[in-house]
Amino acid sequence: MKLFRMLKRSLRDAFKSVFRNFSLSLASISCITITLIIVAIAIIASFNVENFTREIEKDMTIVVFLDSKVTEQEIEQTKKEIESIKNIEKYTFKSKADVKNEMIKQSDVFKAVLDEWKEEDSPLKDTFQIKVKDIMKISDTARKIEKIDKVSVVRYGENMVDQMVVAFASIKKVAYIVVIALILVTVFLIVNTIKLTIFSRKKEISIMRLVGASNFTIKTPFIIEGMILGAIGSIIPIFITTFGYLAFYNHFNGYLFSKLIQLIKPEPFMYQASLAVLIIGIIVGMIGSSHAVRRYLKV
């Protein structure tokens, strides 16, 4: 009960301090707002990059062409060797007849040409269509498949896929670095702003010490104050990113450049992103205040 009363008093004092030192609080909130806007953009970008990668991973298929005169026994042996590769998620086998039927359904031209070919003269080949678990390892997986006996050709759109994988991986790393760097900058700004607030209240803190206030009692209002500043500073970034992303999504009809690169649907993604921004703001405010109190006051 005593702890509850102490926290209640600390919360009241923190709110009073925010309004009593309004100019310093406004400076802290402005710094938090600006940095959290950039943090929110970086978070949205990184999540969308991960979504791009997942979507590509779903659609990405390695097509394996077998030798023309492969036997049923050799096909079964090839299946076993494909299954032994760790990065293989699943595969589908299509015989020459299956490939022929699919092509005939696609076009009357194919039908006219293929109907004239006898089975022994057909240039078509038995194929495997393979899905991988990790798209980042698709090149290594394709090379392993190429070494299998009776495999003629392996294709997966090598140049385009490799370039996209490298680009997405780089963008993801940059986004994470930007988010971490901005959080550290925000902490630094809050620490210095809180230091000014503490300096202006040195007399008040000295009196608290003289009457026997514990370190916890002195520090708690400042930590709560930092959390309040962080929460208030996250309001504008949440509104900007929520409505901004919704407008961006609608403007591009949910994808960038092509339907291959799909954006994450606004709901429930924006609620999750907003919650992340709010939590980051509160935690950063708390850490900044705690750090300033501990190092500056040495309590």
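The structure presented is a predicted model; accordingly, all values stated were derived computationally and were not measured. (Residues numbered from 1 in each chain as written. Predicted model: local features only at pLDDT ≥ 70, side-chain atom pairs only at ≥ 80, totals over all residues. Heavy atoms only, no water.)

## Some details on the packing of helix H9 (residues 215-233) against helix H10 (residues 235-251)
Two numbers describe a pair of packed helices, the interaxial angle and the distance between the axes.
Item 1. The N-to-C vectors of H9 and H10 enclose an angle of 25 degrees; their axes lie 4 Å apart at closest approach. In this view, H9 runs roughly parallel relative to H10, as classed from their interaxial angle. Of the residues in H10, those touching H9 at Ala 231, Ile 232 and Gly 233 are Ile 235, Ile 236 and Pro 237.
Item 2. Across the contact of H9 with H10, the residue classes break down as 5 nonpolar, 1 polar and no charged. (Axes fitted to C-alpha atoms, helices over the stretch in contact; angles between N-to-C directions. Helix = DSSP H or I, 4+ residues; strand = E, 2+ residues; numbered from the N terminus. Parallel < 35°, antiparallel > 145°, perpendicular 65-115°, else oblique. Contact = heavy atoms within 4.5 Å. Nonpolar A, V, L, I, M, F, W, Y, C, P; charged D, E, K, R; others polar.)

## Digging into the nonpolar core
Item 1. Ile 62, Val 64, Leu 66, Phe 128, Ile 130, Ile 145 and Val 154 are the most contacted members of the largest nonpolar core, which has 20 residues in total.
Item 2. For this core, the elements supplying multiple residues, two or more each, are strand S1 (62-66), helix H3 (72-83), strand S3 (127-132), helix H6 (138-146) and strand S4 (151-155).
Item 3. Contact partners of Val 64, with chain neighbours within four places excluded, come to Asp 126, Thr 127, Phe 128, Ile 130, Ile 145, Val 151, Val 153 and Val 154.
Item 4. The next biggest cluster of nonpolar side chains, apart from the first, holds 15 residues, and it includes Ala 40, Ala 42, Leu 229 and Ile 280. (Core = buried A, V, L, I, M, F, W, Y, C linked by side-chain atoms within 4.5 Å. Buried < 20%, exposed > 50% of the residue type's maximum accessible area, 1.4 Å probe, protein only.)

## A short note on the layout of surface pockets
Item 1. In this structure, the largest pocket occupies an estimated 270 Å³ of space.
Item 2. Ile 41, Ile 44, Ala 45, Asn 48 and Phe 248 are the residues nearest the centre of the largest pocket, which is lined by 14 residues in total.
Item 3. Those elements giving two or more residues to the lining of the largest pocket turn out to be helix H2 (22-59) and H10. (1 Å grid on protein atoms, 1.4 Å probe; cavity = no way out; pocket = protein on both sides within 12 Å on 5 of 7 lines; lining within 4 Å. Points joined across faces, edges and corners; volume = space filled by probe spheres on them.)

## Some details on the pattern of salt bridges
Item 1. Overall, the coordinates contain 3 salt bridges when judged by the stated rule.
Item 2. Close ionic contact of Glu 74 with Lys 150 constitutes a salt bridge, the shortest N to O distance being 3.5 Å. Residue Glu 74 is located in helix H3, and its partner Lys 150 is located in the loop between H6 and S4; the two are separated by 76 residues in the primary sequence.
Item 3. When its relative accessible area of 25% is taken as the criterion, Glu 74 is described as partly exposed.
Item 4. One salt bridge connects Arg 143 with Asp 140, and the closest N-O pair in it is separated by 2.3 Å. With Arg 143 and Asp 140 both in helix H6, this residue pair falls 3 residues apart, about one helical turn. (Salt bridge = Lys/Arg side-chain N within 4 Å of Asp/Glu carboxyl O.)

## Topic: the sheet that holds S1
Item 1. Pairing within the open sheet is antiparallel, and its 4 strands lie in the order S2-S3-S1-S4. Every other strand in the sheet has two partners, leaving strand S2 (88-94) and S4 as the edge strands with one partner each. Averaged over neighbouring strand pairs, the angle between their axes works out to 20 degrees when direction is ignored.
Item 2. Two strands pair when backbone bridges link them, and S1 and S4 are joined in this way by 4 bridges, in the antiparallel orientation. (Pairing = 2+ DSSP bridges.)

## Here we look at H3
Item 1. With 12 residues, H3 extends 17 Å from end C-alpha to end C-alpha; this agrees with the ideal 16 Å at 1.5 Å per step.
Item 2. Three or more residues of H3 are buried, namely Ile 75, Thr 78, Lys 79 and Ile 82. All buried residues of H3 fall inside an arc of 105 degrees around its axis, so they share one side. Exposed residues on H3 whose side chains face more than 90 degrees from its buried face are Gln 73 and Lys 80.
Item 3. Contact partners of the buried residues in H3: S1, S2, S3 and S4. (Expected span 1.5 Å × (residues − 1). Arc of directions from axis to C-beta.)

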